[in-house]
Amino acid sequence: MTALPQPEHIFRPARKSRGLLWCAATLAALISAGSLTGCGKPEINDADEAGLQIQDLAINGELEATRSVRVAPPSISRMWNYSIETLIPENSHVSVGDLVVAFDDKPIKDALQDKQAELKQAESELENSQLQESRTQRDDALAIEEKRAEHEKARRKSEILDQSMSRNERQKAQIDYEIASNDLELAQAMAKLHRTTGALTISLAERKVQRLKQEVSALQDEAAKLKITASIAGLVQYVPNWEGEKPSEGDSVRFGQPVLDISDLSQIQFRAQIDEADKTRFTVGAPVNLVLDGIAGSSLQGEVAELGRVVRDRARDDRRRVIDLRVNLSSTETELRPGMTAVINLPAADNALPNGEIAEVTP
């Protein structure tokens, strides 16, 4: 009996099934050949290990003075623009008390002259008020003495018991005595009123003089503040503005705009920024070597003084995360200047610091 033909798809394995059969065969062959020894972590070859090594690191930074003073226009009332009248040359060495910058004080001098004129007038008014009060007191004293004499005369006349005097004359004497008493009381009251008003007038004049003296003194202090002297000894360096231009005599600067720095050259340090990932290659207190840019063969010895704890972006348009690095320099070479650039080179070999000390690296 002839067999009936079956549908073709019953005997033909699917493409996916063939792939699975091939994978299974390959796996079996690998197992039989001993290529797979277990399910553990695959070994890392030398190339992979080389990819995980610490790379060479060059950190660029700048020298700065540990102790410095920044000079800017002082705070002067109703002044926002300051004209530089005198400016010490850049890179000058100054001592404490040396004049470094003087700003134009003409507006202050003009205001000072006006206030001094007002003060002179106020002092003259005070003197006139005191003289007038002295004259008023003398006049009041004379008036009181006159009224007292009239009062005494009227009193005596009213006490005369002369039978020859008529009734009208005795009544008139009594009335004159009462009028004299009233006049004496009025003179004394007027004297008291004049003393009170005179004292008030003199007090107001004295307060005006005192206020003007304070204003004159304040203007004199402001004029003195426009002549700035060095508060520390050190090197003078100009501070450029936002356009990169350094100040000069005759220029106009705004309040708060720095003009120059005075740096103490006896204490110089190195400051830079390092990537957060490189923090583990430094330890506080570890010695390092620095190479000055532009000076062949010039190297400096230093010690890591600070590793910043705050992580921030390197710049507004650079999102790399960095921290601050500060190195204290042991060198006291006089040619060192704030603003010089230097570099710390960390070789990859043995993950060592420039001094040969091994840095700590976390996995």
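See the structure above.
Residues numbered from 1 in each chain as written. Predicted model: local features only at pLDDT ≥ 70, side-chain atom pairs only at ≥ 80, totals over all residues. Heavy atoms only, no water.

## Observations concerning the overall build of the chain
Okay, so step 1: Along the backbone of the chain there are five helices and 15 strands.
Okay, so step 2: Taken across its 363 residues, the chain has 29% of its residues classed as buried.
Okay, so step 3: Excluding contacts between residues fewer than 6 apart, the proportion of contacts in the chain whose partners are at least 24 apart in sequence is 76%.
Okay, so step 4: Total accessible area computed for the chain in this model is approximately 24,400 Å², and 52% of it derives from carbon and sulfur atoms. (Helix = DSSP H or I, 4+ residues; strand = E, 2+ residues; numbered from the N terminus. Buried < 20%, exposed > 50% of the residue type's maximum accessible area, 1.4 Å probe, protein only. Contact = heavy atoms within 4.5 Å. Areas by Shrake-Rupley, 256 points an atom, 1.4 Å probe, with all protein chains shown as cover.)

## Examining the layout of surface pockets
Okay, so step 1: What the largest pocket holds in volume is close to 240 Å³.
Okay, so step 2: Taken together, 14 residues make up the lining of the largest pocket; nearest its centre are Arg70, Gln237, Asp261, Ser263 and Pro338.
Okay, so step 3: For the lining of the largest pocket, the elements supplying multiple residues, two or more each, are strand 1 (57–65), strand 2 (68–71), strand 7 (234–238) and strand 9 (260–263).
Okay, so step 4: When residues in the lining of the largest pocket are grouped by element, the largest group, four residues, is from strand 1.
Okay, so step 5: Across the lining of the largest pocket, the residue classes tally to six nonpolar, four polar and four charged.
Okay, so step 6: Here the second largest pocket is characterised by a volume of approximately 200 Å³.
Okay, so step 7: Split by residue class, the lining of the second largest pocket holds seven nonpolar, three polar and three charged. (1 Å grid on protein atoms, 1.4 Å probe; cavity = no way out; pocket = protein on both sides within 12 Å on 5 of 7 lines; lining within 4 Å. Points joined across faces, edges and corners; volume = space filled by probe spheres on them. Nonpolar A, V, L, I, M, F, W, Y, C, P; charged D, E, K, R; others polar.)

## Some words on the pattern of salt bridges
Okay, so step 1: In total, this model carries 23 salt bridges according to the counting rule given.
Okay, so step 2: Where Asp264 meets Arg67, a salt bridge forms, and the shortest distance between an N and an O atom there is 3.4 Å. Of this pair, Asp264 sits in the loop between strand 9 and strand 10 (268–275) while Arg67 sits in the loop between strand 1 and strand 2, and the two are 197 residues apart along the sequence.
Okay, so step 3: Judged by relative accessible area, which is 43%, Arg67 ranks as partly exposed. (Salt bridge = Lys/Arg side-chain N within 4 Å of Asp/Glu carboxyl O.)

## Digging into the side chain of Glu133
Okay, so step 1: As for its placement among the helices and strands, Glu133 is situated in helix 4 (residues 106–158).
Okay, so step 2: Despite its burial, Glu133 pairs with no opposite charge; the closest candidate is Arg195, at 6.8 Å N-O.
Okay, so step 3: Among all residues touching Glu133, those that are not within four sequence positions of it are His194, Arg195, Gly198 and Ile202. (Lys, Arg positive; Asp, Glu negative; His and termini not counted.)

## Some words on the sheet that holds strand 2
Okay, so step 1: The strand order across the open sheet built from four strands is 2-9-7-4, with neighbouring strands paired in antiparallel fashion. The outermost strands of the open sheet, each flanked by one partner alone, are strand 2 and strand 4 (93–94).
Okay, so step 2: Bridging between strand 4 and strand 7 involves two bridges; their strand directions are antiparallel. Bridge pairing in strand 7 links Val94 to Gly234. (Pairing = 2+ DSSP bridges.)

## Let's talk about the nonpolar core
Okay, so step 1: Core analysis: the largest hydrophobic core is formed by 33 residues, its most contacted members being Val100, Val101, Phe103, Leu260 and Ile262.
Okay, so step 2: For this core, the element with the most residues is helix 5 (residues 167–225), which contributes seven residues.
Okay, so step 3: Membership of the second largest hydrophobic core comes to 23 residues, among which are Leu290, Leu292, Ala342 and Ile344. (Core = buried A, V, L, I, M, F, W, Y, C linked by side-chain atoms within 4.5 Å.)

## Digging into the packing of aromatic side chains
Both the distance between ring centres and the angle between the ring planes are used here to describe each pair of aromatic rings.
Okay, so step 1: The tally for this structure, following the rule as stated, stands at one aromatic pair.
Okay, so step 2: Here Tyr82 and Phe103 contribute two aromatic rings whose centre-to-centre distance is 5.8 Å and whose plane-to-plane angle is 65°, an arrangement assigned as edge-to-face. With Tyr82 in strand 3 (residues 81–87) and Phe103 in strand 5 (residues 99–103), the pair connects residues that are 21 residues apart, well separated along the chain.
Okay, so step 3: What makes Phe103 buried here is its relative accessible area of 0%. (Phe/Tyr/Trp six-rings, centres within 6.5 Å; stacked < 30°, edge-to-face > 60°.)

## Thoughts on unusual backbone geometry
Okay, so step 1: The phi dihedral of Arg78 falls on the positive side, at around 60°, and the residue is not glycine.
Okay, so step 2: When you line up the elements, Arg78 lands in the loop between strand 2 and strand 3.
Okay, so step 3: Classification of Arg78 by relative accessible area gives exposed; the value is 66%.
Okay, so step 4: The backbone of Asn91 sits at a positive phi, close to 65°, despite the residue not being glycine.
Okay, so step 5: With respect to the helices, strands and loops of the structure, Asn91 is situated in the loop between strand 3 and strand 4.

## Structural notes on a nonpolar patch on the surface
Okay, so step 1: Nonpolar side chains collect at one region of the surface, where Leu186, Met190 and Leu193 lie side by side and expose about 270 Å² of accessible area between them.
Okay, so step 2: Residue position: Leu186 is located in helix 5. (Patch = residues over 30% accessible without salt bridge, like charges linked within 9 Å, V, L, I, M, F, W, Y side chains within 5 Å.)

## Description of the environment of Asp313
Okay, so step 1: Structurally, Asp313 can be placed in strand 13 (residues 312–315).
Okay, so step 2: In sequence terms Asp313 and Ile323 are ten residues apart; their C-alpha atoms lie 8.7 Å from each other.
Okay, so step 3: Sequence-distant contacts of Asp313, that is, excluding residues within four places in its chain, are made with Asp318, Arg319, Arg320, Arg321 and Val322.
Okay, so step 4: A polar atom in the side chain of Asp313 sits 2.9 Å from the side chain of Arg319. (Polar contact = N/O pair within 3.5 Å; in protein donor to acceptor, adjacent residues only side chain to side chain.)

## A short note on the pairing of strand 7
Okay, so step 1: Counted residue by residue, strand 7 has five buried out of five residues, so it is predominantly covered.
Okay, so step 2: As paired strands, strand 7 and strand 9 are joined by four bridges and run antiparallel to one another. Residue pairing for strand 9: Tyr238 is matched across the bridge by Leu260.

## Concerning the packing of helix 4 against helix 5
Okay, so step 1: With their axes 8 Å apart at the nearest point, helix 4 and helix 5 run at an angle of 165° to one another. On the basis of their axis angle, the class for helix 4 and helix 5 is roughly antiparallel. Helix 4 and helix 5 meet at a crossing whose hand is left-handed.
Okay, so step 2: Here the residues of the contact of helix 4 with helix 5 sort into 23 nonpolar, 14 polar and 19 charged. (Axes fitted to C-alpha atoms, helices over the stretch in contact; angles between N-to-C directions. Parallel < 35°, antiparallel > 145°, perpendicular 65-115°, else oblique. Left-handed = near helix turned anticlockwise from the far one by under 90°.)

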